[in-house]
Amino acid sequence: AAERVERMAATAPPAAGAAPTTPDAPPGPGATAIPAGGYRATGTFCRSVDFAPVVALYGKTVKTPTTTHADKTGYSLYTCTGNFAKKGVPVTVDVKAMVFNGAADSSYDLAKKNAPAQPVDEIQLASGAFGYTITGDGYRVYQLWVHDKNLQLGVTVKASPATPPTRDQLRDAAAKVAAATLRKLPHA
């Protein structure tokens with residue numbers, strides 16, 4: 001009986017905030033590093049991305065969105081890129097999912113601290129979201145970052161000034177794409 005108690009104690013869920021050391025363990029309470037209800041992404045990440053809010057503003061897709069994937073230290077990065085055009089004016093939307101082995105809070109906090117444009121828009125989405133606009137010669141970009149459990153989701157909408165998007169339109173399109181994607185992403 002003592003051996004059974006020790007074995008049960010060894011498989012107890014980690015304390016809140018503790019990083020489990022078995023990221024490849026089978027799913028189950030406390031058996032993975034992914035927080036309860038956390039996210040996972042697959043090579044078919046673009047199937048989870050909903051570009052409808054962008055199509056409504058910027059026109060139909062020019063070519064089928066593509067997924068790229070890279071494993072990094074502590075997380076996997078999935079990117080879905082869509083290109084859209086209304087009356088020949090291009091808009092590019094990149095949706096990045098950084099799926100961490102643990103909570104995404106520190107990465108999100110770092111992204112917010114290092115935001116290149118101030119002030120940031122605070123957006124009520126998931127566990128927290130912020131965005132900002134960057135303008136350059138011939139383009140305007142709205143960058144949105146969202147975090148929830150083990151996911152940091154980025155939505156970048158890059159439009160040329162000939163597509164007359166306002167900051168609010170860019171922000172709202174990015175937020176709608178993020179919200180729809182969060183609903184469609186598989187959970188761990």
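What you see is a predicted model; the values in this text were computed from it and never measured.

### Looking at the packing of aromatic side chains
Turning to step 1, where the next piece is worked out: Tallying each qualifying case throughout the model produces five aromatic pairs.
Turning to step 2, where the next piece is worked out: Ring centres 5.0 Å apart and planes at 40 degrees place the aromatic pair Tyr75 and Phe100 in the tilted group. Placement of the pair is Tyr75 in strand β2 (residues 75-86) and Phe100 in strand β3 (residues 89-100), with a sequence separation of 25 residues. Of the two residues, Tyr75 and Phe100, neither departs from the other in class, the shared state being buried.
Turning to step 3, where the next piece is worked out: Joined through ring pairs, the aromatic side chains of Tyr108, Phe130 and Tyr132 make up one cluster.

### Observations regarding the side chain of Ser48
Turning to step 1, where the next piece is worked out: With respect to the helices and strands, Ser48 occurs in the loop between α1 (2-10) and α2 (52-58).
Turning to step 2, where the next piece is worked out: Among all residues touching Ser48, those that are not within four sequence positions of it are Ala180, Thr181, Lys184, Leu185 and Pro186.

### Let's talk about the nonpolar core
Turning to step 1, where the next piece is worked out: Of all hydrophobic cores here, the largest spans 35 residues; its most connected members are Phe45, Val93, Val95, Leu144, Leu153 and Val155.
Turning to step 2, where the next piece is worked out: For this core, the secondary structure elements donating two or more residues are α2, β2, β3, β6 (139-148), β7 (151-159) and α4 (167-184).
Turning to step 3, where the next piece is worked out: Sorting elements by how many residues they give to this core places α4 first, with seven residues.
Turning to step 4, where the next piece is worked out: The contact partners of Leu153, leaving out residues within four places of it in the chain, are Phe45, Val95, Lys96, Ala97, Leu144, Trp145, Val146, Ala178, Thr181 and Leu182.

### Digging into the sheet that holds strand β1 (residues 61-72)
Turning to step 1, where the next piece is worked out: Reading across from one edge, β1-β2-β3-β7-β6-β5-β4 is the order of the seven strands in this open sheet, with antiparallel pairing throughout. Of all the strands in the sheet, just β1 and β4 (121-123) have a single pairing partner and so form its edges. The average angle at which neighbouring strand axes cross in this sheet is 15 degrees, direction not considered.
Turning to step 2, where the next piece is worked out: Docked against the sheet, α4 engages β3, β4, β5 (128-136), β6 and β7, running at close to 35 degrees with respect to β6.

### Considerations on the side chain of Asn150
Turning to step 1, where the next piece is worked out: Within the element layout of this structure, Asn150 appears in the loop between β6 and β7.
Turning to step 2, where the next piece is worked out: According to the relative accessible area criterion, Asn150 is buried, its value standing at 0%.

### Comments concerning the state of the cysteines
Turning to step 1, where the next piece is worked out: Taken as a whole and assessed by the stated rule, the structure comprises one disulfide.
Turning to step 2, where the next piece is worked out: Bridging Cys46 to Cys80, the disulfide has an S-S length of 2.0 Å. The S-S bond linking Cys46 to Cys80 shows a torsion near 115 degrees; that makes this disulfide right-handed. A residue pair is termed long-range when its members are at least 10 positions apart, and Cys46 in the loop between α1 and α2 and Cys80 in strand β2 qualify at 34 residues.
Turning to step 3, where the next piece is worked out: Residue classification places Cys46 among the buried positions, given a relative accessible area of 16%.

### Some words on unusual backbone geometry
Turning to step 1, where the next piece is worked out: Not every positive phi belongs to a glycine, and Ala126 is a case in point at roughly 50 degrees.
Turning to step 2, where the next piece is worked out: Relative to the elements of secondary structure, Ala126 occurs in the loop between β4 and β5.
Turning to step 3, where the next piece is worked out: For Ala126, a relative accessible area of 46% corresponds to the partly exposed category.
Turning to step 4, where the next piece is worked out: Positive phi outside glycine occurs at Lys149, with the angle close to 55 degrees.
Turning to step 5, where the next piece is worked out: Along the polypeptide, Lys149 turns up in the loop between β6 and β7.
Turning to step 6, where the next piece is worked out: Accessibility expressed as a relative area gives 31% for Lys149, which makes it partly exposed.

Calculation notes
Residues numbered from 1 in each chain as written. Predicted model: local features only at pLDDT ≥ 70, side-chain atom pairs only at ≥ 80, totals over all residues. Heavy atoms only, no water. Phe/Tyr/Trp six-rings, centres within 6.5 Å; stacked < 30°, edge-to-face > 60°. Helix = DSSP H or I, 4+ residues; strand = E, 2+ residues; numbered from the N terminus. Buried < 20%, exposed > 50% of the residue type's maximum accessible area, 1.4 Å probe, protein only. Contact = heavy atoms within 4.5 Å. Core = buried A, V, L, I, M, F, W, Y, C linked by side-chain atoms within 4.5 Å. Pairing = 2+ DSSP bridges. Axes fitted to C-alpha atoms, helices over the stretch in contact; angles between N-to-C directions. Disulfide = S-S within 2.5 Å.

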